[in-house]
Amino acid sequence: MVTEIKTQFKFPSEEFFRALVKVTNEALSDKSLGFAVLKMGFEVIGLDFVKRYVINFDGYEVNYEGETDDFDILQTEAYVTGQLSVYLDMFKNIQENSKATGPNTFNALTMAGFPLNIQGKDQVATDKVFRFAETIQQFLDSAAFLGEIIS
Amino acid sequence: MTDTAINLDYIERAKKGEFDLGWLKDNKSEWGTKPKPSKIGLTLRDISYGSYGEVPDNPKLRTMAPRGSDIDPNVPDMGYTVNRKMEVWSDNLLDLYEEAVSRQWSATRDIPWTELPELPKDIEHSICQLATLLSEVEMVAADFPAKWLWRINHDFVEAKMFLCTQVMDEARHTEVFRKRALANGGGLGKAKAVVEQFLKLILDAQSYDEGSALMHLLGEGIVLSIFRAGEFLAPSDVEKKIFRLCMQDEARHVAYGTMHLKYRLERDPSIAEDFHAYLDRGEELMTVLFTTPEVVEPMAILAAGGVKQAEEIGVFAADILRERIVEEYLARCDKAGLPRRDRINLPDALLNNTEVNNTEVNNTAVNNSQVGN
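Cut-offs and rules
- Residues numbered from 1 in each chain as written.
- Chains lettered and ligands numbered in written order.
- Predicted model: local features only at pLDDT ≥ 70, side-chain atom pairs only at ≥ 80, totals over all residues.
- Heavy atoms only, no water.
- Axes fitted to C-alpha atoms, helices over the stretch in contact; angles between N-to-C directions.
- Helix = DSSP H or I, 4+ residues; strand = E, 2+ residues; numbered from the N terminus.
- Parallel < 35°, antiparallel > 145°, perpendicular 65-115°, else oblique.
- Left-handed = near helix turned anticlockwise from the far one by under 90°.
- Contact = heavy atoms within 4.5 Å.
- Core = buried A, V, L, I, M, F, W, Y, C linked by side-chain atoms within 4.5 Å.
- Buried < 20%, exposed > 50% of the residue type's maximum accessible area, 1.4 Å probe, protein only.
- Nonpolar A, V, L, I, M, F, W, Y, C, P; charged D, E, K, R; others polar.
- Salt bridge = Lys/Arg side-chain N within 4 Å of Asp/Glu carboxyl O.

### Considerations on the packing of helix α5 (residues 121–138) of chain B against helix α12 (residues 293–304) of chain B
Residues and elements named next belong to chain B.
Working step 1: Here α5 crosses α12 at 140°, and the two axes come no closer than 9 Å. On the basis of the axis angle, α5 is oblique to α12. For the element pair α5 and α12, the recorded crossing hand is left-handed. Between α5 and α12, the residues in contact are D122, I123, S126, I127, Q129, L130 and L133 and E294, V295, P298, M299, I301 and L302, respectively.

See below:
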């Protein structure tokens, strides 16, 4: 049973990622998806800002590593980048359906390199994101346990 | 007396409590050392220390005895033919094995089969044709490792164990796509000779080198991209789940293949040309796959949402997928230390936006490989 956090969250923000990590750890506590080992960045491009956040999938836990100007500083293996509006639409879909549907899944949004794009330090690092596709999707789907997400 | 003969004297001595205890006194193992389990449990990497942790480049014995054990001098020769570590090893093997074991899933339990919606006929046909193709190709990635497993020296047991996980993964992929084809009123579609030709090329490989390059790097790289596309194009959440779970497994196999080739070439760069030759042949057949209607059209129709719409945007979608497949494959070759951007042998028409340096049009691959069409 996941404890919902039904307060409003600004995206992107550290508070949002911290809350997402918290509900994800509860959602994945049965370990049924297996462990994941991946330090992954999320780059959000707004009209007048670029913000970067790092998540560490560390075994059966997910940890928030922090906000950074440079993914390399936090040893990020791969990151996803895209416009703020794409992220907001994705989370809106997740909150409306309790999970991502149709073209709003993480894989669907990144498949063609747009509207979101996965950047690995090399192809093996990019492929590592695919190795944990279901865990990453569950992480994003956990936004369904959060309150309204606004920009 | 040989070791296999019954030692009646020993039975009599043992009855009197006169044990041999030689195994107890002569123990040369890592006695007294206790590895600390990592966060996820006691892993292969955690126990990889001391004499057990040393994986020899060229084992002297051909035995199933564990590394680090006190091995009798007269153990039989098991007849292994893959006896050099660089032929099967990769630096990510131990982690990939643990990951594979941890992330197993069930095609029966973990797919929400009861939620399959009724689909338009052309969409159901397309997903069934794609499922037929995938069910057909996936099992070769079990057959090939299985064919080579018993030939691999037991000192490389982690490589054998990883290949065992791959065999299980591929059995499950074969299962899940057959189930999808048969679960929703569609059924199995066409099986093409050109596909079988590619599978035969892998299965008939004369060496593990050849087969691994064709399967782990080229073939599974293509299938990984198809799985990603399948998730993208899936007509319902049921197929999305199938493709996402398969994608994870396939990416592990590709990670092994890429890093194994890197390990191999770093230790013997002189063999690079052999690998180029294997991939030349594999790419010829890949070209034919890209022009096979049963491979291309189902995804074009799924992308467009129907046969009629596919005439307008289906080809565009197929182009994006093909470019993705080729670019990711070339990037893996780069990572492995076998750059093929100047060498890949695909017609210009199939190379639109990939970062290939070779601008010469080379249609020989297509002309030479019209197999089964």
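Now that the structure is up, let's keep going.
### Digging into the nonpolar core
Working step 1: Within the largest apolar cluster, 141 residues are counted, with the highest numbers of intra-cluster contacts made by F11, F91 and F139 of chain A.
Working step 2: What F11 of chain A contacts, discounting residues up to four positions off in sequence, is F16, F17, V44, L84, Y87, L88, F91, I149, I150 and S151 of chain A.

### Here we look at the packing of helix α8 (residues 193–203) of chain B against helix α11 (residues 272–290) of chain B
When two helices pack together, their arrangement is given by the angle between the helix axes and by the axis-to-axis distance.
Residues and elements named next belong to chain B.
Working step 1: Put simply, α8 and α11 touch, their axes get as near as 10 Å, and they point 160° apart. The angle between α8 and α11 falls in the class roughly antiparallel. α11 is crossed by α8, and the crossing has left-handed handedness. When α8 is examined against α11, the residues V194, V195, Q197, F198 and L201 are found in contact with a partner set consisting of R281, G282, L285, V288 and L289.
Working step 2: Of the residues in the contact of α8 with α11, the class split is 7 nonpolar, 2 polar and 1 charged.

### What to know about the pattern of salt bridges
Working step 1: On inspection of all chains with the given rule, the structure shows 44 salt bridges over all chains.
Working step 2: The partner of E26 of chain A in a salt bridge is K22 of chain A, and the shortest N-O contact between them spans 3.8 Å. Taken together, the positions of E26 of chain A and K22 of chain A, both in helix α1 (residues 14–27) and 4 residues apart, correspond to about one turn of that helix.
Working step 3: E26 of chain A sits in the partly exposed class, given a relative accessible area of 23%.
Working step 4: Here D334 of chain B ties to R341 of chain B by a salt bridge, and the two come within 2.9 Å at their closest N and O atoms.
Working step 5: Among the residues examined, D334 of chain B registers a relative accessible area of 32% and is labelled partly exposed.
Working step 6: Exposure remark for R341 of chain B: the relative accessible area of 12% places this residue in the buried category.
Working step 7: Here the residues in one salt-bridge network are D127 of chain A together with R228, R324, E328 and R332 of chain B, joined through shared partners.

### Structural notes on the side chain of R180 of chain B
Working step 1: Relative to the assigned elements, R180 of chain B resides in helix α7 (residues 157–183).
Working step 2: Those residues in contact with R180 of chain B that lie beyond four places of it in its chain are W113, L116, L119, E124, I127, C128, E239 and I242 of chain B.

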